[in-house]
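# Coordinate inspection notes
If you want the building blocks of each chain, they are given just below.
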Amino acid sequence: MSQDTFCVVFHAQIPFDRIPHQFKSGPMFLQALEDGLKKADADPSVKAVMICGENGKFSAGADIRGFSSPKTLGVALGPIVSLIESSEKPVVAAIEGVALGGGLEVALGCHYRVAHAKARMGLPEVTIGLLPGAEGTQRLPRLIGVPAALDMITTGKHIPATEALKLGLVDEIVEENTIEAAIRLANKVIGQPLGPRRLSLKPVPKLPNMEAFLQEAQVKVKRQARGFLAPELCFQAVQAATQRPFAEGVRRERELFQVLLSSGQAQALQYAFFAERAVHRWATPGGINLLFIIFDSILLLSLGLGTMGQGIVTSLVKANIPVVALEQNLEYLNKGRKAVMVLLEREAKKMEGGAQKLDFHNPARLQFTVDFNLLHDVDLVIEAVFENMALKKEIFHKLSNICKPGALLCTNTSALDIDEIASATSRPQQVIGTHFFSPAHVMRLLEIIYGRHTSPSAIATAMQLAKDMKKVGVVVGNCFGFVGNRMMFPYVEQAVFLLEEGSRPEAVDQVLEDFGFKIGPFRMSDLAGLDVGWRSRKGQGLTGPSLPAGSSARQRRGQRYSPLPDLLCERGRFGQKTGKGWYQYERAGGRTATPDPWIHGFLSQYRDTHRIETRYIDQEEILERCLFSLINEGFAILAEGIASGPEHLDVIYLNGYGWPKHRGGPMFYASTVGLPRVLAKLQKYSEAHPDVPKLRPSAFLKKLVAVGNAPLKEWMSYLSRQSPKL
Ligand SMILES: CC/C=C\C/C=C/C(=O)SCCNC(=O)CCNC(=O)[C@H](O)C(C)(C)COP(=O)(O)OP(=O)(O)OC[C@H]1O[C@@H](n2cnc3c(N)ncnc32)[C@H](O)[C@@H]1OP(=O)(O)O
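Residues numbered from 1 in each chain as written. Predicted model: local features only at pLDDT ≥ 70, side-chain atom pairs only at ≥ 80, totals over all residues. Heavy atoms only, no water.

## Remarks on the overall build of the protein chain
Along its length, the protein chain carries 27 helices and 18 strands. Over its C-alpha trace the protein chain gives a radius of gyration of 28 Å, about what one expects of a compact globule, namely 27 Å for 726 residues. The principal-axis extents of the C-alpha atoms in the protein chain amount to approximately 95 × 60 × 55 Å. Looking at the protein chain residue by residue over its 726 residues, the buried ones come to 55%. Long-range contacts, defined here as pairs at least 24 residues apart, represent 72% of the contacts in the protein chain between residues at least 6 apart. Total accessible area on the protein chain stands at roughly 31,200 Å², and carbon and sulfur atoms take up 54% of it. Both charge centroids of the protein chain, one from 84 positive and one from 72 negative side chains, sit 1 Å from each other. (Helix = DSSP H or I, 4+ residues; strand = E, 2+ residues; numbered from the N terminus. Rg over C-alpha atoms; globule rule 2.2 N^0.38 Å. Buried < 20%, exposed > 50% of the residue type's maximum accessible area, 1.4 Å probe, protein only. Contact = heavy atoms within 4.5 Å. Areas by Shrake-Rupley, 256 points an atom, 1.4 Å probe, with all protein chains shown as cover. Lys, Arg positive; Asp, Glu negative; His and termini not counted. Charge placed at Lys NZ, Arg CZ, Asp CG, Glu CD.)

## Quick look at the nonpolar core
The biggest cluster of nonpolar side chains holds 101 residues, and the ones touching the most others in it are L627 and W715. If one sorts the elements of this core by residue count, helix α23 (residues 619-640) sits on top with ten residues. Residue contacts for W715: discarding those within four places in its chain leaves F635, L638, P646, M667, S671, L675, F700, L704 and A710. Counting residues in hydrophobic clusters, the runner-up holds 68 residues, among them L77, L108, L143 and A237. (Core = buried A, V, L, I, M, F, W, Y, C linked by side-chain atoms within 4.5 Å.)

## Side note on the pairing of strand β3 (residues 91-95)
Of all five residues in β3, five are buried, a share of seventy percent or more. Of the two faces of β3, the one lined by V91, A93 and I95 and the one lined by V92 and A94 are each fully buried. One ladder, built from four bridges, connects strand β2 (residues 48-53) with β3; its direction is parallel. Opposite V49, over in β3, you have V91 as the bridge partner. Strand direction decides the pairing type here: β3 and strand β5 (residues 112-116), joined by four bridges, are parallel. In the sheet register, A94 faces β5, and the bridge partner there is V114. (Pairing = 2+ DSSP bridges.)

## Here's the deal with the domain arrangement of the protein chain
Interface size is commonly expressed as the accessible area that is lost once the parts come together. Splitting the protein chain by domain gives domain 1 (7-262), domain 2 (295-476), domain 3 (503-609) and domain 4 (620-718). Centre-to-centre separation of domain 2 and domain 3, based on C-alpha positions: 32 Å. (Domains from an automatic or database assignment.)

## Topic: the packing of aromatic side chains
One pass over the full model with this rule turns up 16 aromatic pairs. Ring plane angle 90° and centroid distance 5.0 Å describe the contact between F273 and F274, whose orientation is recorded as edge-to-face. Centre to centre, the rings of F635 and W715 are 5.0 Å apart; their planes meet at 45°, and the pair counts as tilted. Of this pair, F635 sits in helix α23 while W715 sits in the segment after α27 (699-706), and the two are 80 residues apart along the sequence. (Phe/Tyr/Trp six-rings, centres within 6.5 Å; stacked < 30°, edge-to-face > 60°.)

## Observations regarding the site of the ligand
Residues in close proximity to the ligand total 30 residues, the closest being A60, A62, G102, R277 and R281. Contact distances for the ligand include 2.7 Å between an oxygen atom and a backbone N or O atom of A62. Taking 1,000 Å² as the accessible area of the ligand by itself, protein coverage stands at 81%. Of the residues assigned to the shell around the ligand, the class counts are 16 nonpolar, six polar and eight charged. (Near = heavy atom within 4 Å. Polar contact = N/O pair within 3.5 Å; in protein donor to acceptor, adjacent residues only side chain to side chain. Nonpolar A, V, L, I, M, F, W, Y, C, P; charged D, E, K, R; others polar.)

## Here's the deal with the sheet that holds strand β4 (residues 98-100)
Strand order in the open sheet formed by three strands is β4-β6-β7, and the pairing between neighbours is mixed. Two strands bound the open sheet, and with one partner strand each, they are β4 and β7 (159-160). Sheet strands in contact with helix α3 (residues 102-109) are β4 and β6 (120-122), and its direction is about 90° off that of β4. (Axes fitted to C-alpha atoms, helices over the stretch in contact; angles between N-to-C directions.)

## Looking at helix α16 (residues 456-468)
Here α16 spans 18 Å end to end across 13 residues, near enough to the 18 Å set by a 1.5 Å rise per residue. All of the buried residues in α16 are A458, I459, A460, T461, A462, M463, Q464, L465 and A466. Directly beyond the C-terminal end of α16, a positive phi value near 55° is found at K470. (Expected span 1.5 Å × (residues − 1).)

## Considering unusual backbone geometry
Across the junction of S438 and P439, the peptide omega takes the value -5°, indicating a cis bond. Note on placement: P439 falls in the loop between β14 (431-436) and β15 (445-450). Backbone geometry at E135 places phi at a positive 75°, although glycine is not the residue there. Looking at where E135 falls in the secondary structure, it is placed in the loop between β6 and α4 (136-144). Classification of E135 as buried rests on a relative accessible area of 4%. Positive phi, close to 55°, is recorded for F482, a residue that is not glycine.

## Notes on the confidence of the model for the protein chain
Should pLDDT be low for a region, the predicted coordinates there are not to be read in detail. Counting all residues, the mean pLDDT for the protein chain is 90, and 91% of those residues have values of 70 or more. In the model, residues 11-25 has pLDDT below 50 throughout and makes 31 contacts with residues more than four positions away in sequence or in other chains. A low-confidence stretch, residues 284-297 (pLDDT under 50), is modelled with 24 contacts involving residues beyond four sequence positions or located in other chains. In the predicted complex, the global pTM is 0.91; the interface-specific ipTM is 0.95. (pLDDT = per-residue confidence, 0-100.)

## Some remarks on the UniProt feature "domain: 3-hydroxyacyl-CoA dehydrogenase C-terminal" (unreviewed entry) in the protein chain
In the UniProt entry, the feature "domain: 3-hydroxyacyl-CoA dehydrogenase C-terminal" (unreviewed entry) is given for residues 481-585 and 622-711. Counted over residues 481-585, helix gives 51% and strand 4%. Its end C-alpha atoms are 30 Å apart. Annotated as 67% helix and 0% strand, the span residues 622-711 places its first and last C-alpha atoms 26 Å apart. (UniProt positions renumbered as here; feature names shortened; annotations may be inferred.)

## Section: the pattern of salt bridges
Counted according to the given criterion, the structure contains 35 salt bridges. The salt bridge involving E232 is made with K222; its shortest N-O contact spans 4.0 Å. Here E232 is found in helix α9 (residues 229-243), whereas its partner K222 is found in helix α8 (residues 210-225), with ten residues between them in sequence. A residue is classified by how much of its surface remains accessible, and E232, at 11% relative accessible area, is buried. Measuring nitrogen to oxygen at the nearest pair gives 2.9 Å for the salt bridge that ties K318 to E347. Linking K318 in helix α12 (residues 307-318) with E347 in helix α13 (residues 330-351), this pair joins segments that are 29 residues apart in sequence. (Salt bridge = Lys/Arg side-chain N within 4 Å of Asp/Glu carboxyl O.)

This is the structure we're talking about:
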């Protein structure tokens, strides 16, 4: 290192590789940074300063756990960023690994930034319900302009170094030693004027149509946010940068930060951040670490090339896992191959310019076949044929005979019994459920379902597969619908009962969309296809030819049942695909849902036929009956040991069912509403609808209320029995 350049080692604020505890505490780290800077400033032999991270990592920002305490790091970080900027000696940031949040804000205070080509940068505060509160919303637009800054700050996306260079966020990128390059640059600029490098002194670059641009951007942010405050307040902070001098903009940024900090949404998002990481730490009761499978060398086979199979194959190719796609005949194979190629071309386009390339024209990475003999060599099979138990059992019997002894056999199913499927094989310990969500190459969730005999190493392998596919794997037990769909059934059931009693599809959807769901239950049902549920209900003997003669229209097995979805299907109303469902569409396959007067007439006729008195149902009742019945099922699931904690349920809902992130997931939401209130409301609705068992409060919920509204992290300690396996 040059004698002239003082080096401040900026300790990574987060435990990447379990960094020593003392660096997790914000104030101490800030003090060290301030001391280093002051020392460098005071020493006349020092001519320049270089700031770098520890162990090849610049910084992932503040310790998120610290935000739950009222005295936050950010309040102290802003002045330190200003201190860096005001240094009379050039300060250069050497960015390796990541520079995120407060880490990037520190880099923005520096006069120059050098990044390693593999580094990533971003201001992800919005994703934890906050905004970049260390003057980042004021400096970034001055450096890269309003459109790019707004995009980074309101989405929280991480950008690669190559893109950062194009945007002007960094001055230089290097392939080799970043620290040496930063020191070289620092030496080169000694003596050059620093004024033009101080971002707080720069004007925000003008746009010919700034006002119109901002107006349009605000509408877009609001539309996408659906009640999530942080993107809107991030917007306002950047807007302040365009309207006010730097110091006033900083004041506005601080005010907005405080609003977010006390909104409750930040806590929900920070809970979600840690919940996602918690579900990943899967271990046996003995704590055996099982995550040891390396997928680079495995050959994976995907069986079935329908919509799910196509998405799964695309995800596997994206994860760089060699894959063979198998179909039962050439016609289906060619159809599937074509669809997969379209998806992969699209993905390759999205990845253009990035470091990774999609290698899908190489037969060693992806091949399509109808030859079952290829099954001999594969290490892992994902069966993705349609939901039919007899067919799945036949396939698993075949797999069991052909696949090599160690091969893991996964079934993609949304509800079927894993044990029954495994019973068709001679190796039930290697059979596991992998419930992908459609479209499988987009949706992050993977429910991993273990059966009675599934081995811990099979579970660990499936978890590693999820990680390699960049999905969130959540291990759950085997029951009808597993976790996600099992909780969804009572929610959808309530939505339909509400129609029977007087509501309309668009009214129910509106309430749930206002709550923050991307799409309400009826729009969702139209999108998924009403025929899917109809087939399943026919299979369960709830409707269709297997329904015993003389069954009551609105009762099944002594419980309330609504035949409304069946009646729609009998009339060919399958949703978007037929152009009619709970809504009408512009054509078959159309996507624009319009309330349908036919449905309104049909509902009132139905009520007349069944002598149901139509009543006005308010928004509160719609919301509570749908959400609390779903949450109630969640408590039953926890009590049965189907999931190991409320975080698992929340991660499933956040990543697979469009639950609004800023509400933290259904179980977190229940804890914010207060369990006594949830219980009281369920009791009330259950009394009004005694023939609906899903409204009857779960014993576990009652227990948690009886012990004094236990906080979420203590819930599981009130259960005497845990899952038999986990
Ligand atoms: C007024 C206030 C203004 C300014 C102050 C500054 C504010 C901020 O900086 S807010 C924080 C902004 N930073 C982030 O949001 C980064 C969040 N982290 C990530 O995106 C990722 O963790 C990563 C890209 C940094 C690394 O990803 P990966 O390699 O996949 O590892 P993991 O995500 O599994 O994380 C490993 C380990 O670290 C814990 N962790 C990560 N980030 C933080 C953090 N910011 N605070 C506390 N802990 C963090 C994570 O939970 C994992 O821990 P476990 O192994 O115990 O699960």
